[in-house]
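Descriptive structure summary
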Amino acid sequence: MSVTSLRSSSTARAGARAAVPFAAAGFVVAISFGISARAAGMPAAAAIVMSAIVYAGAAQFAAVAILAQGGSVIAAVLAAVLMNGRYLAMGLALGPSLKGGRVRRAMEGQSVVDAAWAMANRGDGRFDRHTLFGSSALQYVTWLSGTIIGVIAGSALPDPEALGIDAVFPAFFLALLVGELRTAQASAVAVGGAIVAVVLGLLAPAGIGILAASLIALVGLRGARAGAEATA
Amino acid sequence: MTAAEKAWLTVALCAVTTFAIRGFGPVAVGGRTLGRRVTRVLSLLPAALLAALVVTETVIHGGELDVDARVVGLGAAALLLWRGASVIWVVIGAAAVTALLRLAF
């Protein structure tokens, strides 16, 4: 093994170690997903396959919620696409830090999940690939195993909401959000995004509010202020 | 279409679209470095999106405003985060507080 590959595998291990709390929390979130999917009338195998090949919590919750409300397949998939819109932006930011040709880049991009992406972000516009891969790999294992347990538990539990299962997912995202509020500008953007999402969430079809909230980040186009300077 | 067929079709279409979305950015950008202004916007995106997700998942249910025990559960999560608790306890704490309130009322 060369010195570089030794170093990269140890970075990946460090990434996985740093991801342990998120992977553990993701395990609980995945259990809540499995339970919700069963409650929505989804076949157990479909829920498990979804976690295995989609591996995007917010999108999976959104799609299942719409199916549960009797929505169409198109509406469910559209909501998932809108939820995943942030991965488009995260992938664009990650692009310069990845290696190889088109196929390899596309494959490496599949490792993006919120916590792993945030952890690999060095804050100077560059990302550490191996931290991303290590962190994402560990979270994948707990996401899939948690879903399997949730699906089994969901068939046995009469009322999942009595256990506060529906509070698990927003609490997890709150923890991710707090890590992003490094500057005054980021906090202002978060408040703006929240307001836009709630207002449009009440007026527009599911998912539109979330996507519109991302437009608030465009305030970053204005000259670097004190807060933005620290992030860039 | 049966509910099971709808579920499987949704899973398949979600898999294809998610793969395309995750692959697009890295392929489109290639090895080029992005400008400072673009980088600044991208660095602010997670704050906007995560805040939007947290708030809508907490107070909106089926397209309508629904303020219930979850809001207090999220308050507990915020308190735990402020006290520096690990994310696993934040998640468990939010569920426990929500469950206890529902049990009590």
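The subject of this paragraph is the nonpolar core. Judged by nonpolar contacts, the single largest core of 113 residues is most densely connected at B:A48 and B:V91. Of all the elements, helix α5 (residues 73-94) of chain A adds the most residues to this core, at 16 residues. Of the residues that make up this core, three or more belong to each of domain 1 (3-166) and domain 2 (181-232) of chain A. Non-local contacts of B:A48, meaning those with residues more than four positions away in its chain, are made with A:V189, A:A190, A:G193, A:A213, A:S214, A:I216 and A:A217.

A word on the interface of chain B and chain A. Taken together, the contact pairs 73 residues of chain B with 91 residues of chain A. Residue assignment for the side of chain B that touches chain A shows that the elements contributing at least two residues are α1 (3-29), α2 (36-59), α3 (69-82) and α4 (87-104) of chain B. Of the residues contributing to the side of chain B that touches chain A, the split by class is 47 nonpolar, 17 polar and 9 charged.

Our focus in this paragraph is the environment of A:A14. Residues and elements named next belong to chain A. When you line up the elements, A14 lands in helix α1 (residues 3-18). In the structure, A14 is positioned 109 residues away from G123 in sequence and 18 Å away in space, judged by C-alpha atoms. Filtering out sequence-adjacent residues up to four positions away, A14 remains in contact with T131 and G134.

Okay, the confidence of the model for chain A next. Residues and elements named next belong to chain A. For chain A, mean pLDDT is 86; residues scoring 70 or higher make up 92% of the total. Mean pLDDT in chain A bottoms out at helix α12 (residues 226-231), which sits at 42, and peaks at helix α3 (residues 44-53), which reaches 97. Here residues 226-232 scores under 50 on pLDDT; set against residues more than four positions off or in separate chains, the count is 20 contacts.

Residues and elements named next belong to chain B. The terminal C-alpha atoms of α2, which comprises 24 residues, lie 36 Å apart, in line with the 34 Å expected from a rise of 1.5 Å per residue. The sharpest bend along α2 reaches about 30° and sits at L44, with the proline P46 one to four residues further on. A large share of α2 lies buried, amounting to 21 of its 24 residues.

This paragraph deals with the domain arrangement of chain A. Residue and element names in this part refer to chain A. When its domains are assigned, chain A resolves into domain 1 (3-166) and domain 2 (181-232). For domain 1 and domain 2, the distance between their C-alpha centroids amounts to 22 Å. Contacts between domain 1 and domain 2 engage 10 residues on the former and 7 residues on the latter. Listed by contribution, the elements that provide at least two residues to the side of domain 1 that touches domain 2 are α4 (57-68) and α5. Among the elements that line the side of domain 1 that touches domain 2, the one with the most residues is α5, at 7 residues. Per-class residue counts for the side of domain 1 that touches domain 2 are 7 nonpolar, 2 polar and 1 charged.

For the rest of this paragraph, the subject is the environment of A:L218. Residues and elements named next belong to chain A. Locating L218 in the fold gives a position in the loop between α11 (208-214) and α12. Since 15 C-beta atoms lie within 10 Å of it, L218 is described here as partly exposed. For the pair formed by L218 and E180, sequence separation is 38 residues and the distance between their alpha carbons is 16 Å.

Now for helix α6 (residues 102-109) of chain A. Since the α-helix turns once every 3.6 residues, residues separated by three or four places project in the same direction. Looking only at α6(A), the buried set comprises A:R105, A:A106, A:E108 and A:G109. Seen from one end, α6(A) has its buried residues packed into an arc of 165°, which puts them on one side. Next to the buried residues of α6(A) lie α5 of chain A together with α1 of chain B.

In this section: the confidence of the model for chain B. Residue and element names in this part refer to chain B. Taken over all residues, the pLDDT of chain B has a mean of 90, while the share at 70 or more is 100%. At the low end of the mean pLDDT range in chain B sits strand β1 (residues 60-61), at 82; at the high end sits α3, at 96. Under the prediction, the complex receives an ipTM of 0.87, its pTM being 0.81.

As a further point, take the packing of helix α2 (residues 20-39) of chain A against helix α8 (residues 129-156) of chain A. With their axes 6 Å apart at the nearest point, α2(A) and α8(A) run at an angle of 35° to one another. Between α2(A) and α8(A) lies a crossing whose hand is right-handed.

This part covers the packing of helix α10 (residues 184-203) of chain A against α2(B). Their axes nearest at 7 Å, the elements α10(A) and α2(B) cross at an angle of 40°. Between α10(A) and α2(B), the interaxial angle falls into the category oblique. Relative to α2(B), the crossing made by α10(A) is right-handed. The residues of α2(B) that touch α10(A), namely those facing A:Q185, A:A186, A:V189, A:A190, A:G193, A:A194, A:V196, A:A197, A:V198 and A:G201, are B:L44, B:A47, B:A48, B:L49, B:A51, B:A52, B:V55, B:T56 and B:V59.

Scoring rules and cut-offs
- Residues numbered from 1 in each chain as written.
- Chains lettered and ligands numbered in written order.
- Predicted model: local features only at pLDDT ≥ 70, side-chain atom pairs only at ≥ 80, totals over all residues.
- Core = buried A, V, L, I, M, F, W, Y, C linked by C-beta atoms within 7 Å.
- Buried ≥ 20, exposed ≤ 12 C-beta atoms within 10 Å, placed from the backbone.
- Helix = DSSP H or I, 4+ residues; strand = E, 2+ residues; numbered from the N terminus.
- Domains from an automatic or database assignment.
- Contact = placed C-beta atoms within 7 Å.
- Nonpolar A, V, L, I, M, F, W, Y, C, P; charged D, E, K, R; others polar.
- pLDDT = per-residue confidence, 0-100.
- Expected span 1.5 Å × (residues − 1).
- Bend = angle between axes of the 7 residues up to and from the residue.
- Arc of directions from axis to C-beta.
- Axes fitted to C-alpha atoms, helices over the stretch in contact; angles between N-to-C directions.
- Left-handed = near helix turned anticlockwise from the far one by under 90°.
- Parallel < 35°, antiparallel > 145°, perpendicular 65-115°, else oblique.

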